[in-house]
Amino acid sequence: MKYKNPILSGFYPDPSVCRVGDTYYLVCSTMHYFPGVPIFESKDLLNWKQIGNCLTRESQVALSDVPSSGGVFAPTIRYHDGRFYMVTTNSTSQKNFYIWTDDIHGTWSEPIYIDQDGIDPSLYFENGKTYFMSNGTDDNGTGGIVQCEIDIVTGEKLTPSQCIWQGSGGRYLEGPHLYKINGRYLLLAAEGGTECYVAALSHDTPARRRALSFS
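Below: a short report on this structure.

The rules behind each value
- Residues numbered from 1 in each chain as written.
- Predicted model: local features only at pLDDT ≥ 70, side-chain atom pairs only at ≥ 80, totals over all residues.
- Heavy atoms only, no water.
- Buried < 20%, exposed > 50% of the residue type's maximum accessible area, 1.4 Å probe, protein only.
- Helix = DSSP H or I, 4+ residues; strand = E, 2+ residues; numbered from the N terminus.
- Pairing = 2+ DSSP bridges.
- Axes fitted to C-alpha atoms, helices over the stretch in contact; angles between N-to-C directions.
- Core = buried A, V, L, I, M, F, W, Y, C linked by side-chain atoms within 4.5 Å.
- Contact = heavy atoms within 4.5 Å.
- Phe/Tyr/Trp six-rings, centres within 6.5 Å; stacked < 30°, edge-to-face > 60°.
- Lys NZ or Arg CZ within 6 Å of the ring centre and 35° of its normal.
- Salt bridge = Lys/Arg side-chain N within 4 Å of Asp/Glu carboxyl O.

**Considerations on the pairing of strand β3 (residues 36–42)**
Taken residue by residue, a regular strand's side chains alternate between the two faces of the sheet. Burial analysis of β3 places six of its seven residues in the buried class, which makes it a mostly covered element. In the sheet, strand β2 (residues 23–27) pairs with β3 via four bridges, with the strands oriented antiparallel. When the sheet's bridge partners are listed, Tyr 25 is paired in β3 with Glu 41. Pairing analysis gives five bridges linking β3 to strand β4 (residues 49–55), with the strands arranged antiparallel. The partner of Glu 41 across the bridge, within β4, is Lys 49. Between β3 and β4, which follow one another and run antiparallel, lie six residues, and Leu 45 among them has a positive phi close to 70°.

Here it is as structure tokens:
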């Protein structure tokens, strides 16, 4: 197969992709630009068509006092139980929030804020529970990849935020995403600023138990 890079040319940083059926959906950062967080659709991961934006109303995101390169950073798109979610950070106000829609070609909800700091937020769903993670500081003041369980309807924290990993020693630990593949939990995170580091958390490691064990 021959293909041409970049698959999306222009200003499309921090891409996040999810698949629903035979279709892929992609979102990316828009910083201080409005409307925010464009949505693209593809059948083959190579040819993409923009189908809208997640942030189309001023009530969804405050950008009036955002400086150049501030604003909306590193969105994550997820699909669960018939609903799409986009979670991101307004880096200027230091607030994490998510919005949702039942129609990817339609409008998105008003923002739901999560009481956990940091940047690069992500969502993980399992067994009727929703976990929120970011690169920040937990309720005990420990910095790293921080996670809590939330009520996906209200954004309320159901467990304390706790640090599940502090990295391998590289700079700028960020961009966490949790996956479960073949019975093993995988925590994907970036270190080094421009390099990427993948940590595979096996089923029986202390790090894996911390990742999904809350009291």
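**Quick notes on the sheet that holds strand β12 (residues 162–165)**
Taken together, four strands build an open sheet; the order of strands is β9-β10-β11-β12 and the sheet is antiparallel. With partners counted over all chains shown, the strands left at the sheet margins are β9 (119–126) and β12, one partner each. Going from strand to strand, the sheet's axes swing by 35° on average, the running direction of each strand aside. Looking at chain direction, β9 and strand β10 (residues 129–137) are connected through six bridges and run antiparallel. Across the sheet, residue Ser 122 finds its bridge partner in β10, namely Met 133.

**As for the nonpolar core**
Most often, soluble globular proteins have nonpolar side chains that are buried together. Residues Cys 54, Leu 55, Ile 104 and Trp 108 are the most contacted members of the largest nonpolar core, which totals 19 residues. Secondary-structure elements contributing two or more residues to this core are β2, β3, β4, β5 (72–80), β6 (83–90) and β7 (95–101). Broken down by element, this core gets its largest block of residues, three residues, from β4. Discounting chain neighbours no more than four positions away, the residues touching Leu 55 are Phe 34, Pro 35, Gly 36, Val 37, Gln 60, Val 61, Val 72, Met 86, Phe 97 and Ile 99.

**Section: the packing of aromatic side chains**
What the rule picks out here adds up to nine aromatic pairs. Judged by centre distance (5.1 Å) and plane angle (85°), the ring pair of Tyr 12 and Phe 40 falls under edge-to-face. Of this pair, Tyr 12 sits in the segment before β1 (16–20) while Phe 40 sits in strand β3, placing them 28 residues apart in sequence. Considering the side-chain rings of Tyr 25 and Phe 84, the 5.2 Å spacing of their centres and the 75° angle between planes classify their relative orientation as edge-to-face. In this pair, Tyr 25 is assigned in strand β2 and Phe 84 in strand β6, connecting sequence segments 59 residues apart. Neither residue differs from the other here; Tyr 25 and Phe 84 are each classed as buried. Just above the ring of Trp 100 sits the side chain of Arg 83; from NZ or CZ to the centre is 3.7 Å. The ring centre of Tyr 113 lies 5.6 Å from the NZ or CZ of Lys 95, which sits over that ring.

**Quick look at the pattern of salt bridges**
The full count for this structure, using the stated rule, is five salt bridges. The residue Glu 126 makes a salt bridge to Lys 180 at a minimum N-O spacing of 2.9 Å. Highlighted residues: Glu 126 in strand β9 and Lys 180 in strand β13 (residues 174–181), separated in sequence by 54 residues. Using a relative accessible area of 42% as the deciding quantity, one classes Lys 180 as partly exposed.

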